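Take a look at the letters that make up each chain.
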Amino acid sequence: MNIPLLMNRNIMGGWKYLLPGKTGEFFHDMSDFKESLRRILNNTRDNSSPYEPLDFVLRNYGNRHSGKKLFDFVKRNWENKIDFPDGTELLLPTGA
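Being a predicted model, the structure only gives us computed values, none of them experimental.

Brief notes about the side chain of Asn-8
Okay, so step 1: With respect to the element layout, Asn-8 can be found in strand S1 (residues 5–8).
Okay, so step 2: A polar atom in the side chain of Asn-8 sits 3.3 Å from the backbone oxygen of His-28.
Okay, so step 3: Those residues in contact with Asn-8 that lie beyond four places of it in its chain are Phe-26, Phe-27 and His-28.

Written out as structure tokens, the structure is:
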């Protein structure tokens, strides 16, 4: 779904998914909730919305990106202890 986020800025870690004006808007508490919601509603009234949360997530997260990061981390720290099959580019954890 390509829906902009309306997120409380005090949520630990959630802020990494929100770029104001790009993926959604922050609010602090009820004193600015209405203003932030209004900003989203005003910006999404027609087909020219500035928000692109799905595009942001696809470009920055998911198996392709996270799997590459995990592979690079493991290779950098334990390459001498792990024999990766030729052509390995990603590590995808399973069973968690």
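Some points on the packing of aromatic side chains
Okay, so step 1: Across all of its chains, the model carries five aromatic pairs by this definition.
Okay, so step 2: Taken together, Tyr-17, Phe-56 and Tyr-61 form an aromatic cluster joined through their ring pairs.

A few points about a nonpolar patch on the surface
Okay, so step 1: A contiguous nonpolar surface patch, about 330 Å² in accessible area, is contributed by Leu-70, Phe-73, Trp-78 and Ile-82.
Okay, so step 2: The exposure class assigned to Phe-73 is partly exposed, which follows from its relative accessible area of 37%.

Observations concerning helix H3 (residues 63–78)
Okay, so step 1: Relative to the 22 Å expected for 16 residues at 1.5 Å per residue, H3 spans 21 Å between its end C-alpha atoms, a close match to the ideal helical length.
Okay, so step 2: When H3 is considered as a whole, its buried residues turn out to be Gly-67, Phe-71 and Val-74. Buried residues of H3 fall within an arc of 70° about the axis and therefore sit on the same side. Pointing more than 90 degrees away from the buried face of H3 are the exposed residues Lys-69 and Arg-76.

The rules behind these values
- Residues numbered from 1 in each chain as written.
- Predicted model: local features only at pLDDT ≥ 70, side-chain atom pairs only at ≥ 80, totals over all residues.
- Heavy atoms only, no water.
- Helix = DSSP H or I, 4+ residues; strand = E, 2+ residues; numbered from the N terminus.
- Polar contact = N/O pair within 3.5 Å; in protein donor to acceptor, adjacent residues only side chain to side chain.
- Contact = heavy atoms within 4.5 Å.
- Phe/Tyr/Trp six-rings, centres within 6.5 Å; stacked < 30°, edge-to-face > 60°.
- Patch = residues over 30% accessible without salt bridge, like charges linked within 9 Å, V, L, I, M, F, W, Y side chains within 5 Å.
- Areas by Shrake-Rupley, 256 points an atom, 1.4 Å probe, with all protein chains shown as cover.
- Salt bridge = Lys/Arg side-chain N within 4 Å of Asp/Glu carboxyl O.
- Buried < 20%, exposed > 50% of the residue type's maximum accessible area, 1.4 Å probe, protein only.
- Expected span 1.5 Å × (residues − 1).
- Arc of directions from axis to C-beta.

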